[in-house]
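The residues making up each chain are set out below.
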Amino acid sequence: MPAETEFRANGRRPTSYDVALRAGVSQSAVSRCYSPNASIAPATRERIILAANELGYSPNALAQALISRRTNLVAVLISSLTMLYYPEVLAELTERLTVRNIRVLLFSLHAEGEVDDVLDQVWRHSVDGVICAARLSDEQIQMFEDRHVPLVLYNRVSGTASAASVCCDSVAGERDLIGKLLAAGHKKFGIIAGPQDSYVGEERRETASETLRQSGILDVPVVRGDFSYESGSTGLQALMANDASFDAVVCVSDQMAIGAIDAGREVFRLRIPEDLSVVGFDGSGPATWSSYQVTSVRQPVQRMTEAAVTMLVERIEDASLPAERRLFTGQFIIGRSARMA
């Protein structure tokens, strides 16, 4: 009877001790064989792997965690709206962690302000580190430091508390968009903003309003959406209900820009961009579709997620590393949704 079948017949799973006996090595050698970066002779590794395959042995993740004091789990805190309307972020984070043999424990928030509700769950799972794409208060960031859990903020920065972060330069990107609209002669602006608890949404709204104010344009109405297509459509209708003389609408996300474009065309029979210019932000996939081709700023998601994962792994390996901020420049996308000089 093959060894693997024999174990199954007895109702027992093979252990590292069984593998060690069959391979003629110590149990610690088996442990080193399955520990990343552990020192072990190639011939010994080969014997252990052969014995493990013959016995049907797989290392126990919990047992390894007890030995190494690592769970190889990283929590990712991200809003459901981000996942729904910009899924590349989660996909890229997951892929880059997986290739490092780290598993993702996902905590999805309906709104960024719900972080308090999930932090207790994060602590219970003894994760090695956290990537957070949601707003954290200074007090919440301090909780990570007190518990010695490495933290990297994704596309947001901390206040007075110290935390590593990776960001797209939304301020520079939004200024660039507004500057190009002004240079093309636009004079009457409206803004479709995101939820008040969204860090990046508020950063983009504030930058757009301030850039226009500095150019002498003070009357800029703002309506709020939730980054969705539907809120972009209703947002434009709310703006136009009070004043139909807009020649430019600034949306803080591409999905809202797409909704605004459709509402402009279908509800108000406007030509985009001849009658109304619409700009977005993110550079998401649907924004490039031929029916929209949104003028926008594309975030370098691949570079940002790679930086976030690298920074977190570095801090898991060396908790003494200081906080740092990596800022990435977005790429201006010349679309067909806005008149440009």
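See the structure above.
Residues numbered from 1 in each chain as written. Predicted model: local features only at pLDDT ≥ 70, side-chain atom pairs only at ≥ 80, totals over all residues. Heavy atoms only, no water.

Q: How should the sheet that holds strand β2 (residues 103-109) be read in this particular structure?
A: Strands pair in a sheet through their backbones, by hydrogen bonds, and they do so in one of two ways: parallel or antiparallel. Spatial strand order, β2-β1-β3-β4-β5-β11: six strands in an open sheet with parallel pairing. Both edges of this open sheet fall to β2 and β11 (325-328), since each of them pairs with a single strand only. Direction aside, neighbouring strands of the sheet carry axes that sit 15° apart on average. Pairing geometry for strand β4 (residues 151-154) and strand β5 (residues 164-168), over three bridges, is parallel. Directly across from V152, in β5, lies its bridge partner A164. (Pairing = 2+ DSSP bridges. Helix = DSSP H or I, 4+ residues; strand = E, 2+ residues; numbered from the N terminus. Axes fitted to C-alpha atoms, helices over the stretch in contact; angles between N-to-C directions.)

Q: What should I look at first to understand the side chain of H186 in this one?
A: Relative to the assigned elements, H186 resides in the loop between α10 (170-183) and β6 (189-193). Taking relative accessible area as the criterion, H186 reaches 2% and is therefore assigned buried. A distance of 2.7 Å separates a polar atom in the side chain of H186 from the backbone oxygen of L181. At 2.7 Å, the side chain of H186 and the side chain of S277 are in polar contact. (Buried < 20%, exposed > 50% of the residue type's maximum accessible area, 1.4 Å probe, protein only. Polar contact = N/O pair within 3.5 Å; in protein donor to acceptor, adjacent residues only side chain to side chain.)

Q: Before we go on, may I ask you to explain the pattern of salt bridges in this structure?
A: Charged atoms that come close allow side chains of opposite charge to pair. Summed over the entire model, instances satisfying the criterion amount to 17 salt bridges. Two residues, D282 and R204, come together in a salt bridge whose shortest N-O distance is 3.2 Å. With D282 in the loop between β9 (277-279) and β10 (296-298) and R204 in helix α11 (residues 199-214), this residue pair connects regions lying 78 residues apart in the sequence. D282 sits in the buried class, given a relative accessible area of 12%. Residue R204 is classed as buried on the basis of its relative accessible area, which comes to 2%. Two residues, E314 and R326, come together in a salt bridge whose shortest N-O distance is 3.9 Å. With E314 in helix α14 (residues 301-317) and R326 in strand β11, this pair connects stretches of sequence that are twelve residues apart. (Salt bridge = Lys/Arg side-chain N within 4 Å of Asp/Glu carboxyl O.)

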